[in-house]
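Read off the chains here:
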Amino acid sequence: MAATGNAEETQLQEMEEEAGMEREMDSDEEEGMGIENSDDEEDDSSEDDKENEAEIQRLEEQLSINAFDYNCHVDLIKLLRQEGELPPLRKARQKMSELFPLTEEIWLDWLKDEIRLTEEEQNREKVYELFEMAVKDYICPEIWLEYAQYSIGGMGLPGGMEKVRSIFERALTAVGLHMTTGATLWEAYREFENVILATVQPPPGSVPTCEQQELLNAQLERIHTLFRRQLAIPLMDMEGTYAEYEEWSDQGVSDTVSHKYKRALQQMEKSKPYEETLMAAEPPKLAEYQTYIDYEQKEGDPARIQIIFERALAENCLVPDMWAKYTKYLDRQLKIKDLVLSSHDRAVRNCPWTMGLWKNYLLALERHGADHHTISDVFEKALNAGFIQATDYVNIWEAYLDYLRRRVDFSKESSRELEELRAAFTRSLDYMKQDVEERFSESGDPSCTIMQVWAKIEALHCKNIQKARELWDSIMTKGNAKFANMWLEYYNLERSYGDALHCRKALHRAVQCTSDYPEHVCEVLLTFERVEGSLEDWDAAVQKTETRLNRVNEQRAKVAEKEAHLVRQEEEKTEQRRRAKADKKSQKKGQKGSRPGEKRKAEDEDNENEWGEESEQPPKRHRGEGNQGSFRGGGAEEYMETESGLFGRRAPPCRRQEPPGAKRGQQMAPATVRKTQEDNSEQRKDDCSVFISNLAFSMEDPEKRLKELFESCGPVQSVRPVYAAKGFRGYCYVQFEGKTSVPEALKMDRREVDGRPMFVSPCVDKNKNPDFKVFKYNTNLEKHKIFISGLPFSCTKEQLEELCKDQGTIKDIRLVTNRSGKPKGLAYVEFEDEAQASQAVLKLDGTVLQEHTLSVAISNPPPRNAADKPDFSRPMGAMMPRAMVYGSRGKGRTQLSLIPRSLHRQTGSESKAENGTAPKPTGGASGDAGFEAQAKPMSNSDFAKMLLRK
């Protein structure tokens with residue numbers, strides 16, 4: 001036994017000496033490199049040191065302002081490591097690890113530095129503690145392997161061998177199922193045990209004692225067991241392990257081991273395509289990992305499901321949805337306390353801005369019986385996490401208040417938990433008012449849901465209906481008294497926990513204050529009196545409701561009368577302006593008509609001015625610069641065509657393009673024009689047609705050219721170009737033989753034709769479809785899409801994709817251009833989910849691309865309701881504040897009116913049209929379909945008179 005112990009000690013000393021010699025050689029090489037570098041760069045070292053010190057100071061100051069700047073932490077650690085200042089480097093790493101999980105590379109650098117430092121201090125426990133921190137952040141085989149190898153250096157210490165084996169066993173539990181790199185740990189473990197085997201084998205030719213033979217057999221059994229355990233697990237290249245076992249084992253491979261090996265080999269072959277797909281994919285491989293996870297969940301092995309989730313999160317640690325799926329699986333399937341809570345903790349440290357992860361963490365803590373102090377600490381951290389929406393704070397407060405309510409024993413009249421719950425409700429209301437409203441300029445809880453829950457708890461559990469009534473009084477004073485649903489909620493509370501007197505009072509107040517649905521609350525009051533009230537109560541209710549409804553009807557009539565009066569005034573002003581302008585034109589014609597050769601020129605200018613456009617500009621079409629790729633609609637040109645029927649096949653409103661040799665002064669007779677209009681009106685089929693605009697005026701033979709362009713979409717029945725006095729106006733109508741060709745034609749929108757993007761829109765007759773909305777905007781906050789401004793004009797989609805791909809899965813990229821196709825320095829990038837978009841905003845805002853500083857924000861298109869439903873009682877510009885009319889980014893640049901400027905003259909107080917929305921007309925002559933109820937549209941004859949006027 002003594003001989004065995006001496007041999008083992010000698011072997012261990014040899015292993016430690018070899019490891020020490022390797023470290024000394026590495027140290028000598030580093031020192032030699034340092035001397036050589038100092039000899040070559042002695043002149044520049046002092047300047048570099050000064051620059052590094054200044055940069056270190058700047059980074060430290062920046063972190064003192066914003067401790068959650070991840071990249072700043074990384075840069076500071078990198079500089080301190082270059083300087084070789086280990087104490088400040090250790091401090092910087094510790095600060096970063098407190099806020100964020102560290103990547104495998106950062107941990108390995110830190111561990112190597114600490115290992116070199118502790119060799120001098122002879123304190124291995126600090127390094128062990130550091131390894132324990134490292135293995136908790138992510139599942140990293142390299143860190144576990146480094147941990148095991150470092151522990152081998154201390155196996156000569158008391159209990160050292162047991163510690164090494166314990167670390168190896170933990171490593172196999174954590175990453176032994178890793179199909180591609182797990183085999184490395186198994187082989188390292190076996191190699192360690194083989195070294196121990198060599199120390200217990202007796203010298204050749206000697207007869208071992210009984211104790212030596214027992215040690216030898218035990219060690220051989222350990223190695224056999226490691227082989228059997230590994231061969232039962234599906235790992236890549238496991239065939240080589242099986243061959244090695246056959247060669248090593250004197251007794252061969254048992255049938256049981258062979259059976260388990262074959263079953264694992266079959267499972268490995270099933271998983272192999274997923275592993276090959278992962279190896280071939282580019283980071284972050286989110287879609288590939290999700291497919292792999294779905295496969296493993298169908299297979300149903302919890303250990304394998306856990307390891308593939310961990311592998312996915314190691315490469316996609318900033319994807320909240322992946323953390324949510326993983327923690328949900330652990331909560332519902334494994335339910336192992338330490339594993340569940342550690343995963344929730346890692347989730348919120350990686351994605352602190354995601355309220356849902358914090359909420360699930362609080363539920364998991366309560367579910368697994370965490371103490372009240374721990375849950376409260378996690379909640380306080382959530383409040384400081386920096387959520388991106390005001391409603392997130394409402395939701396996290398609701399989750400915490402629910403937890404506090406479940407702690408209360410309401411059978412007692414008063415308890416410490418009940419007082420804590422009430423104090424928390426009070427604090428939540430103060431927090432929403434002071435902190436959330438100041439940050440977001442909104443409460444996030446306009447319906448006062450927190451106060452409503454508090455009132456129900458007081459009424460139901462505490463039997464304190466008076467406190468509930470006080471809370472509802474406060475709710476109503478916060479602007480909710482005008483909503484019928486709020487009064488009905490209060491009424492239902494009184495019905496359940498109050499009395500008939502207060503129910504009646506609530507309904508009477510509702511009738512008096514409600515402005516959205518007064519008829520409904522009146523009906524509820526009358527129904528209540530039918531069931532509960534006396535004759536006097538019924539009479540009072542009838543009188544109350546009749547008085548209120550009469551007043552409501554009078555107010556509505558006054559508003560309608562006032563609006564009609566304003567419309568008549570605007571019509572009269574418009575008619576006066578039109579007559580004044582017509583008189584002025586007739587005077588000019590009389591002055592210029594006496595000079596030969598100028599009559600045609602004057603007529604041409606009049607025709608152009610009447611449309612408010614220069615002859616070199618095409619008809620303008622609304623193209624919203626919001627978050628939609630293409631907004632399809634016929635535009636105002638289509639509206640005028642369907643109203644008047646003037647834009648027929650080569651039937652221009654004033655003068656068609658003349659063939660060579662024709663007299664310039666010739667014009668089509670009015671009767672011919674009207675006949676052509678009638679024919680084309682009968683032949684036209686809007687549901688088989690598309691409207692084309694933004695074409696070049698110089699296009700030769702537009703009819704032939706466009707027919708060739710759109711023949712690939714289906715058989716073309718006709719092409720109707722639109723002409724002005726001087727020629728082609730840049731837009732036309734293409735009619736197909738069938739409806740199925742229209743969707744294919746719409747796909748050609750924005751295709752470049754003669755250097756200009758061609759706009760393709762559906763053709764809709766507004767007379768037949770007055771409610772059709774030409775432009776459809778998404779005016780809500782688009783959380784999955786970001787808006788980037790400040791881009792260089794030379795930026796391409798590929799460059800933008802390269803910039804954004806690290807932030808998540810990109811679904812679409814759109815570079816905003818003007819009518820001629822030139823870039824405007826703006827772009828929209830759509831991600832797979834809102835968490836990726838939020839992360840992109842945090843990472844990309846303020847970055848520099850080709851010497852241009854980018855501004856990145858969540859896509860928030862300007863609202864359109866203000867222009868769709870104007871308030872006729874005041875000018876358009878006074879309808880609402882500018883921020884509400886134009887959105888968070890202000891007014892768009894392509895806010896074009898499709899109404900001719902000669903017909904649309906706004907006063908100084910009226911604001912211009914919002915992006916993609918027609919403005920409020922100044923008179924009934926505009927014919928805007930959105931104002932049919934207020935303004936009389938122009939008839940076909942009115943348009944014909946206007947356009948054919950000489």
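Predicted model, so just to flag it, every value in this text is computed and none were measured.

Here the focus is the overall build of the protein chain. Along the protein chain, the regular secondary structure elements total 36 helices and 11 strands. The proportion of buried residues among the 950 residues of the protein chain is 44%. About 50100 Å² of surface is accessible on the protein chain, with carbon and sulfur atoms providing 48% of the total.

Counting residues in hydrophobic clusters, the biggest one holds 106 residues, and the most contacted among them are Met322, Trp358, Phe387, Ile396, Trp397, Leu421 and Trp472. The greatest single-element share of this core, amounting to 10 residues, is contributed by helix H19 (residues 390-407). The next biggest cluster of nonpolar side chains, apart from the first, holds 55 residues, and it includes Ile56, Ile77, Trp107 and Val135.

Our next topic: the environment of tyrosine 147. Mapping tyrosine 147 onto the fold places it in helix H7 (residues 141-152). Judged by relative accessible area, which is 1%, tyrosine 147 ranks as buried. A sequence separation of 20 residues divides tyrosine 147 from isoleucine 167, and the C-alpha atoms of the two residues are 7.5 Å apart. Those residues within four positions of tyrosine 147 in sequence are excluded, and the remaining contacts are Tyr128, Phe131, Glu132, Val135, Ile167 and Arg170. One polar contact links tyrosine 147 to glutamate 132, side chain to side chain, over a distance of 2.7 Å.

Once the charged atoms of two side chains with opposite charge are near each other, the side chains can pair. Evaluated as defined, the whole model comprises 36 salt bridges. Close ionic contact of arginine 165 with glutamate 193 constitutes a salt bridge, the shortest N to O distance being 2.8 Å. Taken together, the positions of arginine 165 in helix H8 (residues 160-175) and glutamate 193 in helix H9 (residues 182-200) put the pair 28 residues apart, joining distant regions of the chain. The pair formed by arginine 165 and glutamate 193 is uniform in burial state, with each residue classed as buried. With a shortest N-O distance of 2.6 Å, glutamate 575 and arginine 578 are connected by a salt bridge. Of this pair, glutamate 575 and arginine 578 both sit in helix H26 (residues 535-592), separated by 3 residues, roughly a single helical turn. One network of salt bridges, in which partners are shared, links Arg81, Arg93, Asp109, Asp113 and Arg116.

Attention now moves to the packing of helix H16 (residues 337-350) against helix H17 (residues 355-367). Axis separation between H16 and H17 bottoms out at 9 Å; the angle between their running directions is 160°. It follows from the interaxial angle that H16 and H17 lie roughly antiparallel. The way H16 lies across H17 gives a crossing that is left-handed. Contacts from Val340, Leu341, His344, Asp345, Ala347 and Val348 of H16 reach H17 at Leu357, Trp358, Asn360, Tyr361, Ala364 and Leu365. Counted by class, the contact of H16 with H17 contains 9 nonpolar, 2 polar and 1 charged residues.

Let's shift gears to the sheet that holds strand E8 (residues 823-831). Read across the sheet, 4 strands follow the order E7-E8-E6-E11 without closing on themselves; strand pairing throughout is antiparallel. In this open sheet, the two strands that pair with only one neighbour each are strand E7 (810-817) and strand E11 (855-859). The sheet shows a mean angle of 20° between the axes of neighbouring strands, direction not considered. Bridge count between E7 and E8: 7 bridges; the pairing is antiparallel. Along E8, the bridge assignment pairs isoleucine 813 with valine 829. Across the sheet, helix H33 (residues 834-844) is in contact with strand E6 (782-789), E8 and E11; its angle to E6 comes to roughly 30°.

Right, let's get into helix H13 (residues 286-299). The terminal C-alpha atoms of H13 lie 20 Å apart, and with 14 residues this matches the ideal 20 Å at 1.5 Å per residue to within 8%. Residues of H13 that are buried include every one of Leu286, Tyr289, Gln290, Tyr292, Ile293, Tyr295 and Glu296, and no others. For H13, the elements touching its buried residues are helix H12 (255-280), helix H14 (302-315), helix H15 (320-334) and H33. Downstream of H13 by one or two residues, glycine 300 has phi in the positive range, about 85°.

This part is about the packing of aromatic side chains. A full pass over the atoms with the stated rule returns 34 aromatic pairs. With 6.0 Å between their ring centres and 40° between their planes, tyrosine 393 and tyrosine 431 make a pair best called tilted. Remark: tyrosine 431 occurs in helix H20 (residues 416-440) and tyrosine 393 occurs in helix H19; sequence separation between them is 38 residues. Accessibility assignment for this pair places tyrosine 393 and tyrosine 431 in one class, buried. Note on phenylalanine 425 and tryptophan 454: the rings are 5.1 Å apart at their centroids and 10° apart in plane angle, and the pair reads as stacked. You can see phenylalanine 425 sitting in helix H20 and its partner tryptophan 454 sitting in helix H21 (residues 449-460), a full 29 residues away along the chain. The ring of tyrosine 128 is capped by lysine 163, whose NZ or CZ atom sits 4.4 Å from the centre of that ring.

Negative charge collects at one region of the surface, where Glu47, Asp48, Asp49, Glu51, Glu53 and Glu85 lie side by side. Among the secondary structure elements, aspartate 49 is positioned in helix H2 (residues 42-65). Residue classification places aspartate 49 among the partly exposed residues on the basis of a relative accessible area of 35%.

A separate point is the packing of H17 against helix H18 (residues 372-383). The geometry of a pair of packed helices is captured by two quantities: the angle between their axes and the separation between those axes. Running from amino to carboxyl end, H17 crosses H18 at an angle of 180°, the nearest separation of the two axes being 10 Å. By the angle between their directions, the pair H17 and H18 is classed as roughly antiparallel. The residues of H18 that touch H17, namely those facing Trp358, Tyr361, Leu362, Leu365 and Glu366, are Thr374, Ile375, Val378, Phe379, Lys381 and Ala382.

Across the sheet, 5 strands lie side by side as E2-E3-E1-E5-E4; this open sheet has antiparallel pairing. Here the strands that pair on one side only, and so sit at the sheet edges, are strand E2 (716-724) and strand E4 (751-753). Averaged over all neighbouring strand pairs, the angle between strand axes comes to 30°, with direction disregarded. Of the strands in this sheet, strand E1 (689-693), E2, strand E3 (727-736), E4 and strand E5 (756-762) are in contact with helix H30 (residues 702-710), which crosses E2 at around 140°.

Taking 1.5 Å of rise per residue, 18 residues should cover 26 Å, and H19 covers 27 Å from first to last C-alpha, within 8% of that figure. Burial in H19 covers these residues: Ala390, Asp392, Tyr393, Val394, Ile396, Trp397, Ala399, Tyr400, Leu401, Tyr403 and Leu404. Those residues of H19 hidden inside the fold are in contact with H17, H18, H20 and H21.

Cis peptide bonds are those with omega within 30 degrees of zero, and the linkage from proline 283 to proline 284 qualifies with 10°. Examined against the element boundaries, proline 284 turns out to sit in the loop between H12 and H13. Phi at lysine 463 is positive, roughly 55°, even though this residue is not glycine. By secondary structure assignment, the location of lysine 463 is in the loop between H21 and helix H22 (465-480).

The residue arginine 349 is located in helix H16 in this model. Residue classification places arginine 349 among the buried positions, given a relative accessible area of 19%. There is a polar contact of 3.5 Å between the side chain of arginine 349 and the side chain of aspartate 137. Residue contacts for arginine 349: discarding those within four places in its chain leaves Ser97, Glu98, Leu99, Phe100, Pro101 and Asp137.

All right, on to the side chain of serine 428 then. By the secondary structure assignment, serine 428 is in helix H20. A relative accessible area of 0% means that serine 428 is categorised as buried. For serine 428, the residues in contact, after removing those within four places along its chain, are Trp397, Leu401 and Ile450.

So, on to the confidence of the model for the protein chain. Residues with a pLDDT of 70 or more make up 74% of the protein chain, whose mean pLDDT is 78. When pLDDT is averaged over each element of the protein chain, H17 comes out on top at 97 and helix H28 (residues 635-644) at the bottom at 36. Note on residues 865-936: pLDDT under 50 across the span, and 159 contacts to partners over four residues away in sequence or across chains.

A separate point is the environment of glycine 846. Mapped onto the elements of the fold, glycine 846 is located in the loop between H33 and strand E9 (848-849). The exposure class assigned to glycine 846 is partly exposed, which follows from its relative accessible area of 41%. Put simply, glycine 846 and glycine 790 are 56 residues apart on the chain and 9.9 Å apart in space, counted from C-alpha to C-alpha.

Right, let's talk about the environment of serine 534 for a bit. Note on placement: serine 534 falls in the loop between helix H25 (518-532) and H26. Engagement of the side chain of serine 534 in a polar contact is seen with the side chain of aspartate 537, the distance being 3.2 Å.

The rules behind these values
- Residues numbered from 1 in each chain as written.
- Predicted model: local features only at pLDDT ≥ 70, side-chain atom pairs only at ≥ 80, totals over all residues.
- Heavy atoms only, no water.
- Helix = DSSP H or I, 4+ residues; strand = E, 2+ residues; numbered from the N terminus.
- Buried < 20%, exposed > 50% of the residue type's maximum accessible area, 1.4 Å probe, protein only.
- Areas by Shrake-Rupley, 256 points an atom, 1.4 Å probe, with all protein chains shown as cover.
- Core = buried A, V, L, I, M, F, W, Y, C linked by side-chain atoms within 4.5 Å.
- Contact = heavy atoms within 4.5 Å.
- Polar contact = N/O pair within 3.5 Å; in protein donor to acceptor, adjacent residues only side chain to side chain.
- Salt bridge = Lys/Arg side-chain N within 4 Å of Asp/Glu carboxyl O.
- Axes fitted to C-alpha atoms, helices over the stretch in contact; angles between N-to-C directions.
- Parallel < 35°, antiparallel > 145°, perpendicular 65-115°, else oblique.
- Left-handed = near helix turned anticlockwise from the far one by under 90°.
- Nonpolar A, V, L, I, M, F, W, Y, C, P; charged D, E, K, R; others polar.
- Pairing = 2+ DSSP bridges.
- Expected span 1.5 Å × (residues − 1).
- Phe/Tyr/Trp six-rings, centres within 6.5 Å; stacked < 30°, edge-to-face > 60°.
- Lys NZ or Arg CZ within 6 Å of the ring centre and 35° of its normal.
- Patch = residues over 30% accessible without salt bridge, like charges linked within 9 Å, V, L, I, M, F, W, Y side chains within 5 Å.
- Lys, Arg positive; Asp, Glu negative; His and termini not counted.
- Charge placed at Lys NZ, Arg CZ, Asp CG, Glu CD.
- pLDDT = per-residue confidence, 0-100.

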